[in-house]
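# Structure assessment
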Amino acid sequence: MTTDRAADESTILKLDKAFLDAFLQRDVETVNRDLPDDFIAIFPNGIVANKQMELKNVEQAEVESYSTDEVQIGWYAETVATVHFRMTLKMKGKEPKLVRDLHVYMKRDGRWQMITGQVTPIL
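All of the points below concern the structure found in this document. (Residues numbered from 1 in each chain as written. Predicted model: local features only at pLDDT ≥ 70, side-chain atom pairs only at ≥ 80, totals over all residues. Heavy atoms only, no water.)

### Description of the sheet that holds strand S6 (residues 111–121)
Put simply, the rule is: At least two DSSP bridges between two strands are needed for those strands to be called paired. Helix numbers and strand numbers start at the N terminus; a helix is a DSSP run of H or I with at least 4 residues, a strand a run of E with at least 2. The angle between two axes is taken between their N-to-C directions and runs from 0 to 180 degrees, where each axis is a line fitted to C-alpha atoms and a helix contributes only its stretch in contact. Note on contacts: a residue pair qualifies if any of its non-hydrogen atoms lie within 4.5 Å across the two residues.
Reading across from one edge, S2-S1-S6-S5-S4-S3 is the order of the six strands in this open sheet, with mixed pairing throughout. A single partner strand is all that each edge strand has here, and the edge strands are strand S2 (48–50) and strand S3 (63–77). Ignoring strand direction, the axes of neighbouring strands in this sheet form an average angle of 25 degrees. In the sheet, strand S1 (residues 40–42) pairs with S2 via three bridges, with the strands oriented antiparallel. Each bridged residue has a counterpart across the sheet, and for Ile 42 the counterpart in S2 is Val 48. Here helix H1 (residues 5–25) sits on the sheet and contacts S3, strand S4 (80–91), strand S5 (97–108) and S6; the angle it forms with S3, its principal contact strand, is near 150 degrees. Where helix H3 (residues 51–59) meets the sheet, it contacts S1 and S2, and its direction lies at approximately 90 degrees from that of S2.

### Points about the layout of surface pockets
Where we set the bar: Residues are called lining when one of their atoms sits within 4 Å of a cavity or pocket point, these points coming from a 1 Å grid over the protein atoms alone, where a cavity is a set in which a 1.4 Å probe fits but cannot get out and a pocket is an open set with protein on both sides within 12 Å along at least five of seven lines. Grid points are joined across faces, edges and corners, and a volume is the space filled by probe spheres set on the points. Each residue gets one label: Ala, Val, Leu, Ile, Met, Phe, Trp, Tyr, Cys and Pro are nonpolar, Asp, Glu, Lys and Arg are charged, and the others, such as Gly, are polar.
Roughly 750 Å³ of volume is contained in the largest pocket. Forming the boundary of the largest pocket are 33 residues, of which Phe 23, Pro 44, Asn 57, Leu 89 and Met 91 lie nearest the centre. Of all the secondary structure elements, the ones that give two or more residues to the lining of the largest pocket are H1, S1, H3, S3, S4, S5 and S6. For the lining of the largest pocket, the element with the most residues is S6, which contributes five residues. Among the residues forming the lining of the largest pocket, the class breakdown is 20 nonpolar, six polar and seven charged.

### A closer look at the pattern of salt bridges
Operational definition: The salt bridge criterion pairs a side-chain nitrogen of Lys or Arg with a carboxyl oxygen of Asp or Glu, the two atoms within 4 Å. When accessible area is computed with a 1.4 Å probe and restricted to protein chains, residues below 20% of their type maximum are described as buried, those above 50% as exposed, and intermediate ones as partly exposed.
Under the definition given, this model contains eight salt bridges. Residues Lys 51 and Asp 37 are paired through a salt bridge, measuring 3.3 Å at the closest nitrogen-oxygen approach. With Lys 51 in helix H3 and Asp 37 in the loop between helix H2 (28–34) and S1, this pair connects stretches of sequence that are 14 residues apart. Residue Lys 51 is classed as buried on the basis of its relative accessible area, which comes to 5%. The shortest N-O distance in the salt bridge between Asp 69 and Arg 86 comes to 2.6 Å. Taken together, the residues span a long stretch of sequence, with Asp 69 in strand S3 and Arg 86 in strand S4 at a distance of 17 residues. A relative accessible area of 31% means that Asp 69 is categorised as partly exposed. On the basis of relative accessibility, which here comes to 23%, the residue Arg 86 falls in the partly exposed class. Salt bridges linked by common partners bring Asp 69, Glu 70, Arg 86 and Arg 100 together as one network.

Shown next as structure tokens:
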């Protein structure tokens, strides 16, 4: 099987940006469309969340702004990739905080989807 790695990376990065932007705009529809039903997230407080919990998180988000850097994509198969990055996150009424984010993408039925994500505070 051959893949167009550059095209796949572009697609994954666009999906990742749409996911993060959804928290700014409380765009539940985008997240519902893009995440699979078996999505799992690990929140900074250690809670394991499913897709429905993540949708509620988006709906109630109080993200004022975010910026990312140190973005890297890792490949573990032609259909599995990770995106990890550092993010400065500004929540409404709070001081900015730094976190490390890890998103795992899998290509299923010809479509890339984030299957899991984890946020870790930088202390």
